[in-house]
Amino acid sequence: MNKKAFIFDLDGVIVDTAKYHFLAWKKLAATIGVDFTEHQNEQLKGVSRVKSLEKILAWGNKSINDAEFTRLMGLKNDDYLTYIDKMDEQEILPDVTKTLDFLKDKKQHIALGSASKNARMILEKVNIINKFDVIIDGNDVSKAKPDPEVFLKAAEHFNVPPKHCIVFEDAVAGIQAANNAKMISIGIGDKNTLHEADYVFTDFTEINIDFLNELINR
Ligand code: BG6
Ligand code: MG
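Residues numbered from 1 in each chain as written. Chains lettered and ligands numbered in written order. Predicted model: local features only at pLDDT ≥ 70, side-chain atom pairs only at ≥ 80, totals over all residues. Heavy atoms only, no water.

### Overview of helix α8 (residues 172-180)
Phase 1 of the analysis: Of all the residues in α8, the buried ones are Ala173, Gly174, Ile175, Ala177 and Ala178.
Phase 2 of the analysis: In this structure, the buried side of α8 is in contact with α7 (149-158), β4 (165-169) and β5 (184-188). (Buried < 20%, exposed > 50% of the residue type's maximum accessible area, 1.4 Å probe, protein only. Helix = DSSP H or I, 4+ residues; strand = E, 2+ residues; numbered from the N terminus. Contact = heavy atoms within 4.5 Å.)

Printed below as a string of structure tokens:
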């Protein structure tokens, strides 16, 4: 069976929106007197909006009521969307489009598997939405990464067993979600941070056609 499902995370894999999430959370956290480090921010990657704010509040030892929680999430998202609004196709990370086109040419299944509720809007802004056969995002799942739900839903859509799914992820929580789903996990980013992945590449320029063919044919 050489029809595999290739599942792409969005933030930090297709576009570098991870930097915008960081800026928006940092600003929001400052308004409630909480600071967090670059290292702590690594733990926010791939994590849902709700879980991210819960972590920030825990780091700052803050407790707030539900209405305030919702208000702060809204503030963060409004700020985040000011960055998204300025995006265009120039922000697609190097060789992402080339990889998607190669996989399409090889008749592979292609999915987006993201925790973001803004995923469709971002894919439309950078004009890449048509390259995905299915989009599973933060509106479709109830359990956040490292729970495998988002990736399993993509596999179910194609009726492909998890062992024939390949996940591209930049977040520790995302690699864990792929591993929990028993899929092949490919880290995009730092080798030390993403050491739980089956393979790690700095970015898509390091992923050559022989490797993709090997994944398709194994
Ligand atoms: C993930 C990001 O893709 O989506 C997280 O890595 C983010 O940083 C999460 O919190 C939820 O995104 P959004 O756009 O719905 O707030
Ligand atoms: Mg990500």
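What follows picks up the thread again.
### Remarks on the site of ligand 1
Phase 1 of the analysis: In the neighbourhood of ligand 1, 15 residues make up the surrounding shell, with Asp11, Arg49, Ser116, Lys117 and Asn118 lying closest.
Phase 2 of the analysis: The separation between an oxygen atom of ligand 1 and a polar main-chain atom of Leu44 is 3.5 Å.
Phase 3 of the analysis: In isolation ligand 1 exposes 390 Å². Once the protein is present, 97% of that is buried.
Phase 4 of the analysis: Grouping the amino acids of the shell around ligand 1 by side-chain chemistry returns four nonpolar, seven polar and four charged. (Near = heavy atom within 4 Å. Polar contact = N/O pair within 3.5 Å; in protein donor to acceptor, adjacent residues only side chain to side chain. Areas by Shrake-Rupley, 256 points an atom, 1.4 Å probe, with all protein chains shown as cover. Nonpolar A, V, L, I, M, F, W, Y, C, P; charged D, E, K, R; others polar.)

### Section: the pattern of salt bridges
Phase 1 of the analysis: For the structure shown, the criterion picks out 12 salt bridges.
Phase 2 of the analysis: Measuring nitrogen to oxygen at the nearest pair gives 3.4 Å for the salt bridge that ties Asp79 to Lys27. A residue pair is termed long-range when its members are at least 10 positions apart, and Asp79 in helix α4 (residues 66-84) and Lys27 in helix α1 (residues 18-31) qualify at 52 residues.
Phase 3 of the analysis: Given a relative accessible area of 13%, Asp79 falls into the buried group.
Phase 4 of the analysis: Here Arg71 makes a salt bridge to Glu68, at a shortest N to O gap of 3.0 Å. One end of the pair, Arg71, and the other, Glu68, are both in helix α4, three residues apart, so they sit about a helical turn from each other.
Phase 5 of the analysis: Using a relative accessible area of 46% as the deciding quantity, one classes Arg71 as partly exposed.
Phase 6 of the analysis: The exposure class assigned to Glu68 is partly exposed, which follows from its relative accessible area of 24%. (Salt bridge = Lys/Arg side-chain N within 4 Å of Asp/Glu carboxyl O.)

### Quick notes on helix α3 (residues 49-59)
Phase 1 of the analysis: Burial in α3 covers these residues: Ser52, Leu53, Ile56 and Leu57. All buried residues of α3 lie within an arc of 130° about the axis, which places them on one face of the element.
Phase 2 of the analysis: In this structure, the buried residues of α3 make contact with α1 and α4.
Phase 3 of the analysis: Trailing α3 by a residue or two, Asn61 shows a phi angle of about 60°, which is positive. (Arc of directions from axis to C-beta.)

### Some thoughts on the side chain of Ser114
Phase 1 of the analysis: Note on placement: Ser114 falls in the loop between β2 (109-113) and α6 (119-125).
Phase 2 of the analysis: Using a relative accessible area of 1% as the deciding quantity, one classes Ser114 as buried.
Phase 3 of the analysis: Within the structure, the side chain of Ser114 is placed 2.9 Å from the backbone nitrogen of Ser116, a separation counted as a polar contact.
Phase 4 of the analysis: Other than its neighbours up to four places away in sequence, Ser114 contacts Asp9, Leu10, Asp11, Ala119, Ile136, Asp137, Gly138, Lys145 and Val150.

### Re the layout of surface pockets
Phase 1 of the analysis: Empty space within the largest pocket amounts to approximately 630 Å³.
Phase 2 of the analysis: Lining the largest pocket are 34 residues, and of these Val47, Ser48, Arg49, Ala115 and Ser116 lie nearest its centre.
Phase 3 of the analysis: Secondary-structure elements contributing two or more residues to the lining of the largest pocket are α1, α3 and α4.
Phase 4 of the analysis: When residues of the lining of the largest pocket are assigned to their parent elements, the largest contribution, five residues, is made by α3. (1 Å grid on protein atoms, 1.4 Å probe; cavity = no way out; pocket = protein on both sides within 12 Å on 5 of 7 lines; lining within 4 Å. Points joined across faces, edges and corners; volume = space filled by probe spheres on them.)

### Points about the coordination of the magnesium ion (ligand 2)
Phase 1 of the analysis: The protein atoms donating to the magnesium ion (ligand 2) are Asp9 (OD), Asp11 (O) and Asp170 (OD), with metal-donor distances spanning 2.0 to 2.1 Å.
Phase 2 of the analysis: Sequence spacing among the residues donating to the magnesium ion (ligand 2) works out to D-x1-D-x158-D. Remark: Asp170 occurs in the loop between β4 and α8 and Asp11 occurs in the loop between β1 (5-8) and α1; sequence separation between them is 159 residues. Each member of the pair Asp11 and Asp170 is classed as buried. (Donors = N, O, S within 2.8 Å, 3.2 Å for Na, K, Ca; no water.)

### Quick notes on the domain arrangement of the protein chain
Phase 1 of the analysis: Domain assignment breaks the protein chain into domain 1 (5-16 + 90-217) and domain 2 (18-84).
Phase 2 of the analysis: Between domain 1 and domain 2, the C-alpha centre-to-centre distance is 24 Å.
Phase 3 of the analysis: Each side of the interface is counted separately: domain 1 has 16 residues, and domain 2 has 15 residues.
Phase 4 of the analysis: Interface of domain 1 and domain 2: buried area, both sides summed, is about 1300 Å²; carbon and sulfur atoms make up 54% of it. (Domains from an automatic or database assignment. Buried area = accessible area lost by both parts, 1.4 Å probe.)

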